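# Close look at the chain arrangement
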Amino acid sequence: MTKRPMAPMLALFLMLLMTLLTPRLFALGEAGPSDTDEIKKAWPTEGAKGELFHEVAGQLRCPTCTGLSVLESDARFSQQIKEIVLEQVESGRSKDDILKYFTQRYGAWILRSPPAQGFNIVAWALPIAILVLGPPAVWFFVWRRRRTVSTIGVRPTSDILREMDIRLAELRR
Amino acid sequence: MIFATMAIGVLLLTVLLTPFWLGRGGLLQASASINSQAQLLGLKDALLKAYLKDELAFTAGALPARSWHQRRDFLTNRYIDAARRLDFLARTQADGGGAP
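Predicted model, so just to flag it, every value in this text is computed and none were measured.

### Some details on the overall build of chain A
What chain A contains, in helices and strands, is seven helices and zero strands. With 173 residues in all, chain A has 18% of them scored as buried. When contacts within chain A are restricted to residue pairs at least 6 apart in sequence, long-range pairs at least 24 apart make up 52% of them. Summed over all atoms, the accessible surface of chain A reaches about 13200 Å², with 64% contributed by carbon and sulfur.

### What to know about the overall build of chain B
For chain B, the count of helices and strands is four helices and zero strands. Here chain B holds 100 residues, and 27% of them are scored as buried.

### Topic: the interface of chain A and chain B
On the chain B side, the residues contacting the 15 residues of chain A number 15 residues. A buried area of about 1600 Å², summed over both sides, lies between chain A and chain B, and 67% of it is on carbon and sulfur atoms. The three residues of chain A that bury the most area against chain B are A:Ile160, A:Met164 and A:Arg167, which together make up 30% of that side's buried surface. The tally of links from chain A across to chain B stands at four salt bridges. Of the charged contacts in the structure, one is a salt bridge between A:Arg155 and B:Asp87, with a shortest N-O distance of 2.8 Å. Sorting elements by how many residues they give to the side of chain A that touches chain B places helix H7 (residues 157-172) of chain A first, with nine residues. For the side of chain A that touches chain B, a count of residues per class yields eight nonpolar, three polar and four charged.

### Topic: helix H1 (residues 2-17) of chain B
In an α-helix, one turn spans 3.6 residues; hence positions three or four apart end up facing the same way. For H1(B), with 16 residues, the first-to-last C-alpha span of 22 Å sits near the 22 Å given by 1.5 Å per residue. The element H1(B) is barely covered by neighbouring structure, given that only zero of its 16 residues are classed as buried.

So, how was this worked out
- Residues numbered from 1 in each chain as written.
- Chains lettered and ligands numbered in written order.
- Predicted model: local features only at pLDDT ≥ 70, side-chain atom pairs only at ≥ 80, totals over all residues.
- Heavy atoms only, no water.
- Helix = DSSP H or I, 4+ residues; strand = E, 2+ residues; numbered from the N terminus.
- Buried < 20%, exposed > 50% of the residue type's maximum accessible area, 1.4 Å probe, protein only.
- Contact = heavy atoms within 4.5 Å.
- Areas by Shrake-Rupley, 256 points an atom, 1.4 Å probe, with all protein chains shown as cover.
- Buried area = accessible area lost by both parts, 1.4 Å probe.
- Salt bridge = Lys/Arg side-chain N within 4 Å of Asp/Glu carboxyl O.
- Nonpolar A, V, L, I, M, F, W, Y, C, P; charged D, E, K, R; others polar.
- Expected span 1.5 Å × (residues − 1).

Here it is, written out as C-alpha coordinates:
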(Lines give C-alpha, C1' and ligand atoms only; values in the text may rest on other atoms or scores of the structure.)
Protein backbone atom coordinates (compact mmCIF):
# COMPACT_ATOMS: atom_id res chain seq x y z
CA MET A 1 0.00 0.00 0.00
CA THR A 2 1.41 3.39 -0.97
CA LYS A 3 1.86 6.01 1.68
CA ARG A 4 -0.15 9.16 0.97
CA PRO A 5 1.26 12.56 1.96
CA MET A 6 -0.82 13.80 4.90
CA ALA A 7 0.66 17.30 5.30
CA PRO A 8 -1.52 19.05 2.65
CA MET A 9 -4.68 17.40 3.99
CA LEU A 10 -3.79 18.33 7.57
CA ALA A 11 -3.04 21.94 6.56
CA LEU A 12 -6.37 22.16 4.74
CA PHE A 13 -8.21 20.76 7.76
CA LEU A 14 -6.52 23.24 10.13
CA MET A 15 -7.32 26.18 7.82
CA LEU A 16 -10.96 25.11 7.68
CA LEU A 17 -11.09 24.77 11.46
CA MET A 18 -9.55 28.23 11.96
CA THR A 19 -12.00 29.76 9.48
CA LEU A 20 -14.92 28.28 11.39
CA LEU A 21 -13.68 29.13 14.86
CA THR A 22 -12.16 32.60 14.43
CA PRO A 23 -15.44 34.59 14.26
CA ARG A 24 -16.66 32.84 17.41
CA LEU A 25 -13.47 33.69 19.29
CA PHE A 26 -13.80 37.34 18.28
CA ALA A 27 -17.45 37.36 19.27
CA LEU A 28 -16.55 36.06 22.73
CA GLY A 29 -13.92 38.79 23.06
CA GLU A 30 -16.36 41.54 22.22
CA ALA A 31 -19.08 40.71 24.69
CA GLY A 32 -18.00 38.59 27.59
CA PRO A 33 -20.61 36.65 29.51
CA SER A 34 -19.90 38.66 32.67
CA ASP A 35 -21.06 41.82 30.89
CA THR A 36 -24.36 40.49 29.70
CA ASP A 37 -25.59 38.45 32.63
CA GLU A 38 -27.49 41.41 34.09
CA ILE A 39 -31.26 41.28 33.99
CA LYS A 40 -32.40 43.61 31.24
CA LYS A 41 -34.18 46.67 32.51
CA ALA A 42 -37.21 47.99 30.65
CA TRP A 43 -36.29 51.41 29.25
CA PRO A 44 -38.94 53.98 28.29
CA THR A 45 -39.92 53.81 24.63
CA GLU A 46 -42.98 56.05 24.36
CA GLY A 47 -43.72 59.70 24.83
CA ALA A 48 -41.41 62.70 24.59
CA LYS A 49 -39.21 61.41 27.40
CA GLY A 50 -38.88 58.00 25.75
CA GLU A 51 -37.86 59.61 22.47
CA LEU A 52 -35.33 61.88 24.21
CA PHE A 53 -33.91 58.92 26.11
CA HIS A 54 -33.47 56.93 22.89
CA GLU A 55 -31.95 59.88 21.06
CA VAL A 56 -29.40 60.62 23.79
CA ALA A 57 -28.53 56.98 24.58
CA GLY A 58 -28.13 56.33 20.86
CA GLN A 59 -25.47 59.03 20.63
CA LEU A 60 -23.34 57.76 23.52
CA ARG A 61 -20.63 55.20 22.87
CA CYS A 62 -20.58 51.91 24.77
CA PRO A 63 -17.09 51.83 26.31
CA THR A 64 -16.76 48.05 26.43
CA CYS A 65 -18.22 47.18 23.01
CA THR A 66 -17.13 47.65 19.43
CA GLY A 67 -19.15 50.14 17.42
CA LEU A 68 -22.26 50.00 19.63
CA SER A 69 -24.14 52.77 21.39
CA VAL A 70 -25.15 52.37 25.03
CA LEU A 71 -28.73 52.05 23.77
CA GLU A 72 -27.86 48.92 21.79
CA SER A 73 -25.64 47.45 24.49
CA ASP A 74 -26.58 45.41 27.55
CA ALA A 75 -23.13 45.65 29.12
CA ARG A 76 -23.07 46.67 32.79
CA PHE A 77 -21.39 50.01 32.12
CA SER A 78 -23.92 50.84 29.40
CA GLN A 79 -26.78 50.01 31.78
CA GLN A 80 -25.32 52.44 34.32
CA ILE A 81 -25.01 55.18 31.72
CA LYS A 82 -28.58 54.57 30.56
CA GLU A 83 -29.77 54.90 34.16
CA ILE A 84 -28.04 58.27 34.44
CA VAL A 85 -29.52 59.36 31.08
CA LEU A 86 -32.99 58.32 32.28
CA GLU A 87 -32.55 60.23 35.54
CA GLN A 88 -31.55 63.35 33.67
CA VAL A 89 -34.38 63.01 31.15
CA GLU A 90 -36.87 62.64 33.98
CA SER A 91 -35.45 65.68 35.74
CA GLY A 92 -36.30 67.70 32.60
CA ARG A 93 -32.82 68.38 31.23
CA SER A 94 -32.41 68.97 27.51
CA LYS A 95 -30.52 66.75 25.04
CA ASP A 96 -27.63 69.22 24.76
CA ASP A 97 -27.36 69.50 28.56
CA ILE A 98 -27.21 65.71 28.99
CA LEU A 99 -24.63 65.28 26.23
CA LYS A 100 -22.59 68.12 27.72
CA TYR A 101 -22.74 66.41 31.12
CA PHE A 102 -21.29 63.20 29.67
CA THR A 103 -18.71 65.03 27.57
CA GLN A 104 -17.46 66.88 30.66
CA ARG A 105 -17.16 63.63 32.60
CA TYR A 106 -15.74 61.30 29.94
CA GLY A 107 -14.48 63.65 27.19
CA ALA A 108 -15.64 63.94 23.57
CA TRP A 109 -14.72 60.27 23.18
CA ILE A 110 -18.03 59.22 24.73
CA LEU A 111 -19.92 60.68 21.75
CA ARG A 112 -20.38 58.34 18.79
CA SER A 113 -20.14 61.24 16.34
CA PRO A 114 -17.26 63.58 17.16
CA PRO A 115 -18.32 67.25 17.34
CA ALA A 116 -17.42 69.12 14.16
CA GLN A 117 -15.01 71.54 15.78
CA GLY A 118 -11.27 71.82 16.38
CA PHE A 119 -9.17 68.85 15.28
CA ASN A 120 -12.30 66.65 15.06
CA ILE A 121 -13.35 68.55 11.94
CA VAL A 122 -10.71 66.56 10.08
CA ALA A 123 -12.74 63.39 10.71
CA TRP A 124 -15.71 65.02 8.97
CA ALA A 125 -13.87 66.83 6.21
CA LEU A 126 -11.42 64.12 5.16
CA PRO A 127 -13.92 61.52 3.81
CA ILE A 128 -15.79 64.26 1.93
CA ALA A 129 -12.52 65.61 0.55
CA ILE A 130 -11.44 62.13 -0.58
CA LEU A 131 -14.84 61.54 -2.18
CA VAL A 132 -14.79 64.86 -4.03
CA LEU A 133 -11.09 65.19 -4.87
CA GLY A 134 -10.22 61.49 -5.24
CA PRO A 135 -11.73 60.79 -8.69
CA PRO A 136 -10.23 63.95 -10.31
CA ALA A 137 -6.85 63.12 -8.72
CA VAL A 138 -6.92 59.54 -10.04
CA TRP A 139 -8.04 60.78 -13.45
CA PHE A 140 -5.27 63.39 -13.51
CA PHE A 141 -2.50 60.91 -12.65
CA VAL A 142 -3.75 58.26 -15.09
CA TRP A 143 -4.17 60.88 -17.82
CA ARG A 144 -0.66 62.21 -17.21
CA ARG A 145 0.78 58.67 -17.32
CA ARG A 146 -1.05 57.94 -20.56
CA ARG A 147 0.31 61.12 -22.09
CA THR A 148 3.81 60.16 -20.98
CA VAL A 149 3.54 56.65 -22.43
CA SER A 150 2.09 57.81 -25.74
CA THR A 151 5.06 60.10 -26.35
CA ILE A 152 7.69 57.33 -26.31
CA GLY A 153 7.85 57.27 -30.08
CA VAL A 154 4.65 55.25 -30.42
CA ARG A 155 2.27 56.57 -33.05
CA PRO A 156 -1.47 56.89 -32.37
CA THR A 157 -3.64 53.95 -33.45
CA SER A 158 -5.25 56.01 -36.21
CA ASP A 159 -1.83 56.56 -37.83
CA ILE A 160 -1.00 52.84 -37.66
CA LEU A 161 -4.37 51.91 -39.19
CA ARG A 162 -3.77 54.42 -41.99
CA GLU A 163 -0.39 52.82 -42.64
CA MET A 164 -2.02 49.37 -42.68
CA ASP A 165 -4.62 50.50 -45.23
CA ILE A 166 -1.93 51.98 -47.49
CA ARG A 167 0.16 48.80 -47.35
CA LEU A 168 -2.88 46.59 -47.99
CA ALA A 169 -3.77 48.72 -51.02
CA GLU A 170 -0.21 48.32 -52.31
CA LEU A 171 -0.31 44.55 -51.89
CA ARG A 172 -3.71 44.28 -53.63
CA ARG A 173 -2.29 45.86 -56.80
CA MET B 1 -5.48 12.92 -5.53
CA ILE B 2 -3.23 15.96 -5.37
CA PHE B 3 -1.07 14.59 -8.20
CA ALA B 4 -4.13 14.03 -10.37
CA THR B 5 -5.26 17.63 -9.71
CA MET B 6 -1.81 18.96 -10.56
CA ALA B 7 -1.67 16.88 -13.74
CA ILE B 8 -5.07 18.13 -14.88
CA GLY B 9 -4.01 21.71 -14.04
CA VAL B 10 -0.80 21.49 -16.06
CA LEU B 11 -2.65 19.88 -18.96
CA LEU B 12 -5.32 22.60 -18.94
CA LEU B 13 -2.70 25.35 -18.79
CA THR B 14 -0.80 23.77 -21.67
CA VAL B 15 -3.95 23.56 -23.80
CA LEU B 16 -4.79 27.20 -23.03
CA LEU B 17 -1.30 28.55 -23.69
CA THR B 18 -0.28 26.40 -26.65
CA PRO B 19 -1.82 28.70 -29.31
CA PHE B 20 0.46 31.50 -28.17
CA TRP B 21 3.46 29.54 -29.42
CA LEU B 22 2.05 27.20 -32.04
CA GLY B 23 -0.42 29.50 -33.83
CA ARG B 24 -0.35 29.59 -37.61
CA GLY B 25 2.76 31.53 -38.59
CA GLY B 26 3.34 32.40 -34.94
CA LEU B 27 0.77 35.17 -35.26
CA LEU B 28 -0.52 34.68 -31.76
CA GLN B 29 2.80 35.48 -30.18
CA ALA B 30 2.48 38.73 -28.20
CA SER B 31 4.43 41.49 -29.94
CA ALA B 32 5.54 42.84 -26.58
CA SER B 33 7.81 39.80 -26.19
CA ILE B 34 9.64 40.39 -29.49
CA ASN B 35 12.81 42.47 -29.28
CA SER B 36 13.97 42.12 -32.90
CA GLN B 37 12.95 44.86 -35.31
CA ALA B 38 13.51 42.54 -38.30
CA GLN B 39 11.22 39.96 -36.76
CA LEU B 40 8.55 42.59 -36.14
CA LEU B 41 8.77 43.81 -39.74
CA GLY B 42 8.40 40.18 -40.87
CA LEU B 43 5.43 39.76 -38.54
CA LYS B 44 3.74 42.85 -39.98
CA ASP B 45 4.21 41.50 -43.53
CA ALA B 46 2.89 38.08 -42.49
CA LEU B 47 -0.16 39.71 -40.91
CA LEU B 48 -0.92 41.70 -44.05
CA LYS B 49 -0.56 38.58 -46.22
CA ALA B 50 -2.85 36.62 -43.89
CA TYR B 51 -5.33 39.51 -44.03
CA LEU B 52 -5.42 39.48 -47.84
CA LYS B 53 -5.64 35.69 -47.94
CA ASP B 54 -8.65 35.67 -45.61
CA GLU B 55 -10.23 38.59 -47.46
CA LEU B 56 -9.90 36.65 -50.70
CA ALA B 57 -11.44 33.57 -49.07
CA PHE B 58 -14.35 35.68 -47.84
CA THR B 59 -15.02 37.29 -51.23
CA ALA B 60 -14.86 33.83 -52.82
CA GLY B 61 -17.49 32.62 -50.35
CA ALA B 62 -15.14 30.15 -48.66
CA LEU B 63 -15.16 32.01 -45.34
CA PRO B 64 -18.39 32.96 -43.52
CA ALA B 65 -18.90 36.67 -42.79
CA ARG B 66 -18.72 36.18 -39.03
CA SER B 67 -15.41 34.31 -39.23
CA TRP B 68 -14.02 36.93 -41.60
CA HIS B 69 -14.95 39.76 -39.23
CA GLN B 70 -13.30 37.94 -36.33
CA ARG B 71 -10.16 37.27 -38.36
CA ARG B 72 -10.06 40.85 -39.65
CA ASP B 73 -10.32 42.31 -36.12
CA PHE B 74 -7.75 39.87 -34.79
CA LEU B 75 -5.21 40.54 -37.56
CA THR B 76 -5.74 44.30 -37.31
CA ASN B 77 -5.16 44.26 -33.55
CA ARG B 78 -2.03 42.16 -33.94
CA TYR B 79 -0.79 44.58 -36.62
CA ILE B 80 -1.33 47.52 -34.26
CA ASP B 81 0.55 45.66 -31.49
CA ALA B 82 3.47 44.90 -33.78
CA ALA B 83 3.60 48.46 -35.14
CA ARG B 84 3.58 49.93 -31.63
CA ARG B 85 6.31 47.62 -30.47
CA LEU B 86 8.36 48.50 -33.53
CA ASP B 87 7.88 52.23 -32.88
CA PHE B 88 8.95 51.77 -29.28
CA LEU B 89 12.04 49.74 -30.19
CA ALA B 90 13.03 52.23 -32.88
CA ARG B 91 12.69 55.09 -30.40
CA THR B 92 14.63 53.38 -27.59
CA GLN B 93 17.38 52.41 -30.05
CA ALA B 94 17.56 56.00 -31.29
CA ASP B 95 17.86 57.17 -27.67
CA GLY B 96 20.76 54.76 -27.14
CA GLY B 97 18.89 52.41 -24.82
CA GLY B 98 18.26 48.70 -25.25
CA ALA B 99 14.90 46.98 -25.34
CA PRO B 100 13.50 46.18 -21.89
